[in-house]
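Below, each chain spelled out in residue letters.
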Amino acid sequence: MKPRILIIGGGLAGTTVAWRLLERGVPFMIVDRDEPLTSSKVAAGLVTPITGMRLNLNWRYDTIHPEALAFYRSVEQRLGTLFYHEVPIVRLLRDEGMAELWRNRSRQAEIQPYVNPAPQMPLVDEEVFSAPHGGFEMRHSGWMDTAAYLQASRRHFESLGCWQTGESDGSLVWRGEVFTHAVFCIGWEAARHPWFDWVPFRSARGTVLKLQADTQGERRIINRGCWLIPRADGTFRAGPTYELDFDVPFKPSPESILELEVKLHRLYKGRYAVLDAQTGVRPIVPRKRALIGFHPARPQVGFVNGLGSKGVLRAPWVARQFVEHLLDAKPVEAELDLAQNL
Ligand SMILES: Cc1cc2nc3c(=O)[nH]c(=O)nc-3n(C[C@H](O)[C@H](O)[C@H](O)COP(=O)(O)OP(=O)(O)OC[C@H]3O[C@@H](n4cnc5c(N)ncnc54)[C@H](O)[C@@H]3O)c2cc1C
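Residues numbered from 1 in each chain as written. Predicted model: local features only at pLDDT ≥ 70, side-chain atom pairs only at ≥ 80, totals over all residues.

A. Spotlight on the site of the ligand. In the region of the ligand, 41 residues are neighbours, and Gly9, Gly11, Gly187, Gly206 and Gly311 sit closest. Looking at side-chain class alone, the shell around the ligand contains 17 nonpolar, 17 polar and 7 charged residues. Each of domain 1 (5–43 + 146–200 + 286–341) and domain 2 (204–282) contributes no fewer than three residues to the shell around the ligand. (Near = placed C-beta within 6 Å. Nonpolar A, V, L, I, M, F, W, Y, C, P; charged D, E, K, R; others polar. Domains from an automatic or database assignment.)

B. View of the nonpolar core. In this structure, Ile7, Val17, Val183, Phe184, Ala238, Val304 and Val318 are the most contacted members of the largest nonpolar core, which totals 91 residues. Per element, the largest residue contribution to this core is 9 residues, and it comes from helix α7 (residues 311–328). Counting contributing residues per domain, this core is built from domain 1 (5–43 + 146–200 + 286–341) and domain 2 (204–282), each supplying no fewer than three. In this structure, Val17 is in contact with Ile7, Val183, Cys185, Val304, Ala319, Phe322 and Val323, ignoring residues within four places of it in sequence. (Core = buried A, V, L, I, M, F, W, Y, C linked by C-beta atoms within 7 Å. Buried ≥ 20, exposed ≤ 12 C-beta atoms within 10 Å, placed from the backbone. Helix = DSSP H or I, 4+ residues; strand = E, 2+ residues; numbered from the N terminus. Contact = placed C-beta atoms within 7 Å.)

C. Spotlight on the domain arrangement of the protein. When its domains are assigned, the protein resolves into domain 1 (5–43 + 146–200 + 286–341) and domain 2 (204–282). Here the C-alpha centroids of domain 1 and domain 2 sit 28 Å apart. Every contact between the two is made by 8 residues of domain 1 and, on the other side, 7 residues of domain 2.

D. Region of the structure containing the pairing of strand β1 (residues 5–8). Side chains of β1 alternate between two faces, with Ile5 and Ile7 and Leu6 and Ile8 buried alike. For β1 and strand β13 (residues 181–184), the ladder comprises 4 bridges, and the chain directions are parallel. The residue bridging Ile8 from the neighbouring strand is Phe184, located in β13. Both β1 and strand β2 (residues 28–32) contribute to a ladder of 4 bridges, which runs parallel. Looking at β2, one finds that Ile7 is bridged to Ile30. As a crossover connection, the stretch from β1 through helix α1 (residues 12–23) into β2 is right-handed. (Pairing = 2+ DSSP bridges. Right-handed = clockwise from strand over helix to strand, strands pointing away.)

E. Expanded view of the environment of Phe322. Inspection of the secondary structure assignment puts Phe322 in helix α7. The sequence separation of Phe322 and Leu21 amounts to 301 residues, and the corresponding C-alpha distance is 9.9 Å. Discounting chain neighbours no more than four positions away, the residues touching Phe322 are Val17, Ile292, Gly302 and Val304.

F. How the structure looks around the sheet that holds strand β6 (residues 84–86). Strand order in the open sheet formed by 3 strands is β3-β9-β6, with antiparallel pairing between adjacent strands. Looking at which strands have only one partner, the edges of the open sheet turn out to be β3 (46–47) and β6. As judged from the 3 bridges shared by β6 and strand β9 (residues 142–144), these two strands associate in the antiparallel manner. Looking at β9, one finds that Glu86 is bridged to Gly142. Where helix α3 (residues 61–79) meets the sheet, its contacts fall on β3, β6 and β9, and the angle it forms with β6 comes to roughly 130 degrees. (Axes fitted to C-alpha atoms, helices over the stretch in contact; angles between N-to-C directions.)

G. Main features of the packing of α1 against helix α5 (residues 146–159). Close contact between α1 and α5 brings their axes to 11 Å; oriented N to C, the two are set at 45 degrees. If you check the angle between α1 and α5, you find them oblique. Considering how the two elements wind past one another, α1 and α5 form a crossing that is left-handed. Contacts between α1 and α5 involve Leu12, Thr15, Ala18 and Trp19 from the former and Thr146, Leu150, Ser153 and Phe157 from the latter. Across the contact of α1 with α5, the residue classes tally to 5 nonpolar, 3 polar and no charged. (Parallel < 35°, antiparallel > 145°, perpendicular 65-115°, else oblique. Left-handed = near helix turned anticlockwise from the far one by under 90°.)

H. Fine view of the sheet that holds β13. The sheet built from 6 strands is open, its strands ordered β10-β2-β1-β13-β20-β19 with mixed pairing. With one partner strand each, in any of the chains shown, β10 (163–165) and β19 (291–295) form the two edges of the open sheet. Strand-to-strand twist in this sheet, taken as the mean axis angle between neighbours without regard to direction, amounts to 20 degrees. Taken together, the 5 bridges between β19 and strand β20 (residues 298–305) define a ladder with antiparallel strand orientation. The residue of β20 that forms the bridge with Leu291 is Asn305. Lying on the sheet, α7 is in contact with β13, β19 and β20; it crosses β20 at an angle near 170 degrees.

Put into structure tokens, the structure is as follows:
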């Protein structure tokens, strides 16, 4: 029987799996609840080569980043729209300890391709940003307007008759149409689904602010404890928080807004106005880069999840591996294999 795939969930995971199936000419239907706020819709969308408190090179960035860039550019070309922005990211160092760490890290050969050797000096306008411990400017970095990617993809899939609003329970029959496989791409909510509640999720809520600010024309992304991302409409996004304990997934708490404003004051010296705050939940499986495969007792039920905080970077690579596993029976890398989490 020829494959015909029901994709449950139209976030970064489901949408990217759909594009990978389209590349292979395999029929599919995306079913999504069409909620106003989801992890993929509120994500900051950053793609960052050097990350975290340890200033490490993002895992396998040298291969996963070119694959992501080529994938998004090909979708942009097909849709005639632009949603992936290659922008330098300036990382301002928090304290002297981190500055010392950077002096050592920056000598490592693997880091060199991702650091601008001759950035503008001073690195940032110190009337606008606090940079007492210096910093560095990354290249091969950027951000994706995830909401724009999802929206443009949805419109395209609707025009092909393969995107519908609704809620699926995983049945292989959807509104009278029969599918060979149902692939769950439902993000953090999989932790509450009876078929997947054994997957060791430790998801984290995140809040981002939309701001009006005056950064004196700065168009790069600036980070010091929190990100400040310039948008095409002249506004900024600042964030995110990382909240492991939360009750309500999609309502920003006053504490998370306060936490972000404290961080923002450490980064940005100017006046600003908060226009909005949004919250989503990142689907995280600790120590995993993502998780893909088939349900152990339901071989027609697939799973693409666990994109964590790096959904934009990893979705094209993860979706390709899932589709190759589904269509070509190619083994999944151990790093991503759902079967190895039983
Ligand atoms: C505040 C914040 C900041 C972030 N910043 C970044 C960043 O800078 N860079 C980055 O790469 N990543 C970032 N992320 C992470 C990124 O957003 C996630 O990795 C990604 O969105 C996960 O996508 P997903 O498709 O797995 O899940 P989701 O986006 O949650 O999508 C799941 C979809 O499934 C639908 N659904 C659920 N159940 C059903 C059902 N039964 N039937 C039909 N539909 C269903 C939901 O409505 C939803 O549309 C951030 C996340 C947050 C919250």
